[in-house]
Amino acid sequence: MEILEAYEILHEYYPENTLENLYRGEKFDNSGTDTIKKHEFHANLLGEKASNIKHDAKEQKRLREAATAFRKLYNEERCRI
């Protein structure tokens, strides 16, 4: 899955204002390292959401694929630091 599609899925469940509130709770700022950490945070959010969906295997798979895309991006960017 492409990261743009993963962001679309993320925003279906977590609108931008909700994410901003979650970021504040995590004490993320706009630094480069926090931008990378947000990718992992997004993966965790989507993974948890997938785990909470019980009767829709297709949606679970879609959420897990989006989570994987964010984890992949996190790992790639973390290695560049």
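Let me sum up the structure you'll find in this document. (Residues numbered from 1 in each chain as written. Predicted model: local features only at pLDDT ≥ 70, side-chain atom pairs only at ≥ 80, totals over all residues. Heavy atoms only, no water.)

## Considerations on the nonpolar core
Then, number 1: If you look at the biggest cluster of nonpolar residues, it comprises 18 residues, and the most contacted ones within it are Leu10, Leu19, Leu46, Leu63 and Phe70.
Then, number 2: Only helix H1 (3-13), helix H2 (16-26), helix H3 (32-52) and helix H4 (57-80) provide two or more residues apiece to this core.
Then, number 3: Among all residues touching Leu19, those that are not within four sequence positions of it are Leu10, His11, Tyr14, His42 and Leu45. (Core = buried A, V, L, I, M, F, W, Y, C linked by side-chain atoms within 4.5 Å. Buried < 20%, exposed > 50% of the residue type's maximum accessible area, 1.4 Å probe, protein only. Helix = DSSP H or I, 4+ residues; strand = E, 2+ residues; numbered from the N terminus. Contact = heavy atoms within 4.5 Å.)

## Here we look at the environment of Thr68
Then, number 1: Assignment of secondary structure puts Thr68 in helix H4.
Then, number 2: Each C-alpha atom, one on Thr68 and one on Pro15, is 20 Å from the other, the two residues being 53 residues apart in sequence.

## A few points about H3
Quick reminder: α-helices carry 3.6 residues per turn. Residues three or four places apart thus point the same way.
Then, number 1: Across its 21 residues, H3 extends 31 Å between first and last C-alpha, which sits within 8% of the 30 Å expected from 1.5 Å per residue.
Then, number 2: When H3 is considered as a whole, its buried residues turn out to be Asp34, Ile36, Lys38, His39, Phe41, His42, Ala43, Leu45, Leu46 and Ala50.
Then, number 3: Along its buried surface, H3 packs onto H1, H2 and H4. (Expected span 1.5 Å × (residues − 1).)

## Observations concerning the packing of aromatic side chains
The geometry of an aromatic ring pair is captured by two quantities: the separation of the ring centres and the angle between the planes.
Then, number 1: Applying the stated criterion across every chain yields a total of four aromatic pairs.
Then, number 2: A centroid spacing of 6.0 Å and a plane angle of 65° characterise the contact between Tyr23 and Phe28, whose relative ring orientation is edge-to-face. The pair Tyr23 / Phe28 is uniform in exposure class, with both members buried.
Then, number 3: On the numbers, 5.6 Å between centres and 75° between planes, the contact of Phe28 with Phe41 is edge-to-face. Of this pair, Phe28 sits in the loop between H2 and H3 while Phe41 sits in helix H3, placing them 13 residues apart in sequence.
Then, number 4: Note on Phe28: relative accessible area 18%, which makes it buried.
Then, number 5: Through a chain of ring-to-ring contacts, three or more aromatic side chains come together here, namely Tyr23, Phe28 and Phe41.
Then, number 6: Its end group placed over the ring of Tyr23, Lys38 keeps NZ or CZ at 4.2 Å from the ring centre. (Phe/Tyr/Trp six-rings, centres within 6.5 Å; stacked < 30°, edge-to-face > 60°. Lys NZ or Arg CZ within 6 Å of the ring centre and 35° of its normal.)

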